[in-house]
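Overview (structure and organization)
Next come the chains, spelled out residue by residue.
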2 protein chains.
Amino acid sequence: MQLKELSERTATTPASIKYYLREGLLPPGETVHATRARYSQRHVKRLELIHALRHIVHLNIEQIRTIIEMADDGAPRLAVLATVQRVVLGLEPNVREGAERTYLGDAVVRLRGWPDRDSDARNALDVQISLMEGLGISMPLELLDAYSQALDTIAGLDLSLTTATDDVDDIILTAAVGMHMHSQLVLRLLALAQASHAIRRLEIAP
Amino acid sequence: MQLKELSERTATTPASIKYYLREGLLPPGETVHATRARYSQRHVKRLELIHALRHIVHLNIEQIRTIIEMADDGAPRLAVLATVQRVVLGLEPNVREGAERTYLGDAVVRLRGWPDRDSDARNALDVQISLMEGLGISMPLELLDAYSQALDTIAGLDLSLTTATDDVDDIILTAAVGMHMHSQLVLRLLALAQASHAIRRLEIAP
DNA sequence: CGCCTAAGATAGAGCTACTATCCAATGGCT
DNA sequence: AGCCATTGGATAGTAGCTCTATCTTAGGCG
């Protein structure tokens, strides 16, 4: 198909498609000759991926490029998933060079029997724990225990969805949307829990 | 103190202070006469609040204005906290008119013994659950149970910080930063849980 | 008396994500 | 054969956000 048809099929304006081409998010079509290019089903799927990442998961172009370049470079699935996670869960601003491991971080990993190794996720957790300790926000271990237990279950479930296909774009789409949705769910539950506490505590003695 | 001193004490440029004044985030100083105004300790604290909300919690000016206007209008503490929550936990895009209650939402509220009433938080949760069901992302009740149990504990802890003072700006600062930090913590734990699962599942058979 | 600072208005800057315009080349329909 | 639609490529413009800078007028303080 030509650009115009691609545009119609994906409800994306030709101008935007050209923009994504320029930005390297969408691979160029097969050049038939100087003024004609052919696009395939792959381009349709890629555009759908871009659309979901932009408007559902709310990533910016740079973040989408990071993920898509890995996929196009044929990186191993684990590496792609790690990148998706880093970007979707906003780990980036929290990953620091030479951040120290925390007691609580170690304890949680041991309690859950998670593999004890360095990773962006582990690093980001330690940084967050240190940050909160610095601000005097307390987190007893029992709480992290309860938490991580629940999250462990969700994580297993979430991931199982991504192993059903071999197409990298599909894996990314499923993983990114799944991670985003779960993280939102947790935030909504936290909000409701907090609201409930606030009502109980403040409504009686305003 | 005059504008310049306020600027120096809060490490904010006079231009930015003027901007916040224009935007109504910072109350005008006490006008001595046409070309002189006096600012107080209150302005210092307000600027610190604005700074934290902008650069730690990452709210935009509009969101900060929403919160600050409530506080300045002398709204009840519960209402202020609800607004802080709505903004900080990103409930806004998820709150819908006439969204239906979900079975799972009801079940969670009953399990936790939370007050069963309409609220933005409850609404946002129901919308999120429906959204995920629509996408075919499964969430067994046992999972929500475990989750909400952990979150319930955190929420109680978090809120207790905010009842230590009577100054509205302080309450907002503590609540906003606390909520933000806890939500980040949960996201980091989810990330680590997911990473651990991914390692176990994909590293053996890449 | 002149300098500093104030308020107030307006304009500009830098970023992001598009959106629009212009171009020459050219395939395919008529 | 000829013309219209479409292409890639280049470039420029727009819109929203958060500042940042400049300019003006005015007045107190040393």
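Parameters at a glance
Residues numbered from 1 in each chain as written. Chains lettered and ligands numbered in written order. Predicted model: local features only at pLDDT ≥ 70, side-chain atom pairs only at ≥ 80, totals over all residues. Heavy atoms only, no water. 1 Å grid on protein atoms, 1.4 Å probe; cavity = no way out; pocket = protein on both sides within 12 Å on 5 of 7 lines; lining within 4 Å. Points joined across faces, edges and corners; volume = space filled by probe spheres on them. Helix = DSSP H or I, 4+ residues; strand = E, 2+ residues; numbered from the N terminus. Pairing = 2+ DSSP bridges. Least-squares fit on C-alpha atoms with pLDDT ≥ 70 in both. Contact = heavy atoms within 4.5 Å. Buried area = accessible area lost by both parts, 1.4 Å probe. Salt bridge = Lys/Arg side-chain N within 4 Å of Asp/Glu carboxyl O. Polar contact = N/O pair within 3.5 Å; in protein donor to acceptor, adjacent residues only side chain to side chain. Near = heavy atom within 4 Å. Nonpolar A, V, L, I, M, F, W, Y, C, P; charged D, E, K, R; others polar. Axes fitted to C-alpha atoms, helices over the stretch in contact; angles between N-to-C directions. Parallel < 35°, antiparallel > 145°, perpendicular 65-115°, else oblique. Left-handed = near helix turned anticlockwise from the far one by under 90°. Buried < 20%, exposed > 50% of the residue type's maximum accessible area, 1.4 Å probe, protein only.

Overview of the layout of surface pockets
- The calculated volume of the largest pocket comes to roughly 1,300 Å³.
- In this structure, the largest pocket is lined by 43 residues; those nearest its centre are Q184 and L187 of chain A together with H180, Q184 and L187 of chain B.
- Of all the secondary-structure elements, those providing two or more residues to the lining of the largest pocket are helix 5 (77–88), helix 7 (120–134) and helix 9 (168–202) of chain A together with helix 5 (77–88), helix 7 (120–134) and helix 9 (168–202) of chain B.

Considerations on the pairing of strand 1 (residues 30–33) of chain A
Residues and elements named next belong to chain A.
- The sheet contact formed by strand 1 and strand 2 (residues 36–38) spans three bridges and is antiparallel. Residue pairing in the sheet places T31 in a bridge with A37 of strand 2.
- Linking two consecutive strands that pair antiparallel, namely strand 1 and strand 2, is a turn of two residues.

Things to note about the relation of the copies chain B and chain A
- When chain B is fitted onto chain A, the two copies agree to an RMSD of 0.1 Å after a turn of 180 degrees and an axial shift of 0.0 Å. Interpreted geometrically, this transformation is the action of a two-fold axis. Across chain B, the rotation axis passes nearest the C-alpha of Y147 of chain B, at a separation of 3.4 Å.
- When the interface residues of chain B are mapped onto chain A, 100% of them are again interface residues, pointing to one common binding face.

Looking at the interface of chain B and chain A
- Contacts between the two partners involve 71 residues from chain B, matched on the other side by 71 residues from chain A.
- Here chain B meets chain A over a buried area of about 6,700 Å², counting both sides, of which 77% is carbon and sulfur.
- Inspection of the chain B/chain A interface yields zero salt bridges.
- The interface formed by chain B and chain A contains 12 residue pairs in polar contact (both at pLDDT 80 or more).
- Secondary structure elements with two or more residues in the side of chain B that touches chain A: helix 5, helix 6 (103–112), helix 7, helix 8 (141–161) and helix 9 of chain B.

Section: the protein's contact with DNA strand D
- Around DNA strand D, a shell composed of 22 residues is seen, among which L3, T35 and A37 of chain A together with R54 and N60 of chain B lie nearest.
- The sugar-phosphate backbone supplies 69% of the atoms of DNA strand D found within 4 Å of the protein.
- Take L3 of chain A: an N or O atom from its main chain is 2.7 Å from a phosphate oxygen of DNA strand D.
- At the level of elements, helix 1 (3–10), helix 2 (14–23) and strand 2 of chain A together with helix 2 (14–22) of chain B are the ones that each hand at least two residues to the surface near DNA strand D.
- Looking at the surface near DNA strand D, the element that brings in the most residues is helix 2 of chain B, giving five residues.
- Residues that form the surface near DNA strand D fall into these classes: eight nonpolar, seven polar and seven charged.

Notes on the packing of helix 9 of chain A against helix 7 of chain B
- Close contact between helix 9 of chain A and helix 7 of chain B brings their axes to 8 Å; oriented N to C, the two are set at 155 degrees. Considering their axes alone, helix 9 of chain A and helix 7 of chain B lie roughly antiparallel with respect to each other. As helix 9 of chain A packs across helix 7 of chain B, the resulting crossing turns out to be left-handed. Taking contact as the criterion, the partners of M181, H182, Q184, L185, R188, L189, A191, L192 and A195 of chain A in helix 9 of chain A are, on helix 7 of chain B, A121, R122, A124, L125, Q128, I129, L131 and M132 of chain B.

Observations concerning the protein's contact with DNA strand C
- Surveying the vicinity of DNA strand C reveals 21 residues, the closest of which are H33 and N60 of chain A together with L3, T35 and A37 of chain B.
- Here DNA strand C approaches the protein such that, of its atoms within 4 Å, sugar and phosphate make up 75%.
- A distance of 3.3 Å separates a sugar or linking oxygen of DNA strand C from a polar side-chain atom of T35 of chain A.
- In the environment of DNA strand C, a phosphate oxygen lies 3.1 Å from a nitrogen or oxygen atom belonging to the side chain of K4 of chain B.

Digging into the environment of V168 of chain A
Residue and element names in this part refer to chain A.
- Within the secondary structure, V168 sits in helix 9.
- Relative accessible area serves as the criterion here: at 34%, V168 is assigned to the partly exposed category.
- A C-alpha to C-alpha distance of 8.8 Å links V168 and G74, two positions 94 residues apart in sequence.

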